[in-house]
Amino acid sequence: MSQNFPESRLQELLPELIAFRRDLHAHPETAFKEHRTAERVAERLGRLPGMHVRTGVGETGIVATLAADKPGPCIALRADMDALPMEDKCGKPHASTYPGVAHACGHDGHVACLLGAAIMLASEPGRLAGPVRFLFQPGEEGGGGARFMVEQGALENPRPAAIFALHCWPFLPAGYVGMRSGPVMASTDALDITIHGKGAHAAHPNRGVDPIVAAAHVVTALQTVVSRHRDPLDPAVVTIGAFHAGTARNVIPDAAVLSGTLRALSQKQRLASLAAIRQVIEQTAAAFGARGELVHKEGYPVNVNDPGLKEYLERVAVEMLGRERVVDNIPISMGGEDFAFYTRHMPGVFWRLGVAPSDGSPGVESLHNGCFDFNDEAIETGVRVHCGIVWSWASKDSAAG
Ligand code: NI
C-alpha cells in the first residue's frame, strides 16, 4: 500500500491544507455555530468529482458521500468542527480573531486531515471498495453533535460497515499514531445535587438545618463511591467540581447546590456507581436532617473500539508509517467523546494522532489549554492513515489471514 501512495499529490496538497487549518484556527466557532467553518468545508467538498454533499445536518454538520452508487461496503470517517469558549493564547499569526473562542482541542486539524483525505480519495475513484462517507460534525464539546447527526441520517443511505475517527494527542510526536482495543474513553454523566436544609440565623443553628454542613459531608462521603463501592478492576471517577451555598457570613442558607461528573468505562460500573452516588447523597443528607436530591443527566456513552477493526487499523498504519510509528495500547482516557454515539450503531475505532513536535522539543500544550495549537506537521500523517483505511478496505478480509 505505502508503495502505491500518491506521495507527490499529498505533498502538493499540504500547503492548501495547512492554510485551511490556520484559517479555521483564526476563525473558530463554538458548538452548533460552525457556520463559516461548514460553509468553507462544503464549498471545497463540492468541487470534488463524485462527491455528494448534504449540509445543515444536526444544525451545522456536513454529510458527504463519495462514490455513493458504487457497489461494495461503505466506510465512514468523521471529524469534529467545533471550538471552545475560551481565550486563544497561542500567540501565533493565525491566532483566533474571535474574542473568547479558541480551537484549543485541535478540531481545526481534524477538519484539515479529513478534508485532505476527501480530496485524495476523490482523485482515485478506481481504488475505492465502495462508497465513502465523510462526517464533519458540530458540537463535540459537550453538545453531543454526533447524536443529532445520527438522528438526521448520517449513518444511512448507504449504511457504513465501519466508522473511524482520529483525535490529536499531545503525548505522541507528530508522525506517530496510537490506538488500543476495547474501552478507550469514558462515559460522562452530569450530577446536579441539591441539599435542602432550613435557613436560620448563624447564631441560632439549632433553629434551622444547615445545608452547608450536610453538603460538606456529602462531598466527603462521595469519595467512598470510588474507593469502597467500585470494583477495583473497573475504573470510575467521581468529581464534584462546583459547590455553591450561602450569601452572608451570618446566615444559614436554605440549600446548597453541588455539581459534578461521573466517568466510567463500563455500563455495569456506570449504573452501580450511580446507584451508590444516589444512596450516599440521600442518606448522608438525611443523617443531618437535610434532604439530598440528585438530578442525573446522561452524557456520552463509553467509547469502545472494535478489536477486529483496531487490528485492521494497526495493519494499515504500520504499512503507511512503519511499525515504529504505530503505538499500540496507548493509555485509556477518562475524558468523554461523542464518537460513542456512532459506535452504538456500528463497529468503529477512535484513534490518536500525535501532535507533539517531531524534533522532541517541548512546545505542545495539553488539550483545552489556551496555548494549544494543532501541529501542522501532523496533517500529513492524518491524511495518510485516513486514505489507507479506505484504500485497504477492499483487501481487508484477505489480509486478515
Ligand atoms: Ni476534542
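Here we summarise the structure given alongside this text. None of these values were measured; they are calculated from a predicted model. (Residues numbered from 1 in each chain as written. Predicted model: local features only at pLDDT ≥ 70, side-chain atom pairs only at ≥ 80, totals over all residues. Heavy atoms only, no water.)

**Structural notes on the pattern of salt bridges**
Operational definition: Within this document, salt bridges are pairs made up of a side-chain nitrogen of Lys or Arg and a carboxyl oxygen of Asp or Glu, the two lying within 4 Å of each other. Buried means the residue's accessible area, taken with a 1.4 Å probe over protein chains only, is under 20% of the maximum for its type, while exposed means over 50%, and partly exposed covers the values in between. Think of it this way: any DSSP run of H or I at least four residues long counts as a helix, any run of E at least two long counts as a strand, and we number them from the N terminus.
Taken as a whole and judged by the stated rule, the model has 24 salt bridges. In this structure, the salt-bridge partner of E124 is R127, at a minimum N-O distance of 3.5 Å. Its relative accessible area of 18% is what places E124 among the buried residues. Note that R344 is salt-bridged to E298, the shortest N-O span being 4.0 Å. Here R344, found in the loop between α8 (340-343) and β16 (348-356), pairs with E298, found in strand β13 (residues 291-298); they are 46 residues apart in sequence, far enough to count as distant. By relative accessible area, R344 is classed as exposed at 52%. Each of R21, R22, K92, D108, D373 and D376 takes part in a single network of salt bridges with overlapping partners.

**Notes on the pairing of strand β12 (residues 255-264)**
Stated formally: Any two strands are treated as partners once DSSP identifies two or more bridges connecting them.
Residues A256, L258, G260, L262 and A264 line the buried face of β12, whereas the alternating positions A255, V257, S259, T261 and R263 sit on a face that is not buried. The sheet contact formed by strand β8 (residues 187-196) and β12 spans ten bridges and is antiparallel. Among the inter-strand pairings, L191 is bridged to a residue of β12, identified as G260. Pairing between strand β10 (residues 236-245) and β12: nine bridges, direction antiparallel. Bridge pairing in β12 links T239 to T261.

**Focus on helix α5 (residues 211-229)**
The condition is simple: Each helix should span, by expectation, one fewer than its residue count multiplied by 1.5 Å. The contact rule is simple, with two residues in contact once any of their heavy atoms fall within 4.5 Å. In protein, a polar contact requires one atom able to donate a hydrogen and another able to accept it; more generally it is a pair of N or O atoms within 3.5 Å, and residues adjacent in sequence count only if both atoms are side-chain atoms.
The end-to-end C-alpha separation of α5 is 25 Å, in line with the 27 Å expected for 19 residues at 1.5 Å each. Residues P211, A214, A215, V218, A221, L222 and V225 constitute the buried set of α5. Buried residues belonging to α5 abut β8, β10, β11 (251-252), β12 and α6 (267-287). A distance of 2.8 Å separates the backbone nitrogen of I212 from a side-chain oxygen at the start of α5, and that oxygen is part of D210.

**Examining the coordination of the nickel ion**
Note on metal geometry: ideal angles are 109.5 degrees for four donors arranged tetrahedrally and 90 or 180 degrees for six donors arranged octahedrally. Our working rule: A donor here means an N, O or S atom no more than 2.8 Å from the metal, or no more than 3.2 Å when the metal is Na, K or Ca. Since water is not included, a site may seem to lack partners.
Distances from the nickel ion to its protein donors, C105 (SG), H107 (NE2) and H167 (NE2), fall at 2.1 to 2.3 Å. Summarised as a motif, the one-chain spacing of the donors to the nickel ion is C-x1-H-x59-H. For C105, a relative accessible area of 6% gives the class buried. By relative accessible area, H107 is classed as buried at 0%.

Shape descriptors only; they carry no functional weight alone.
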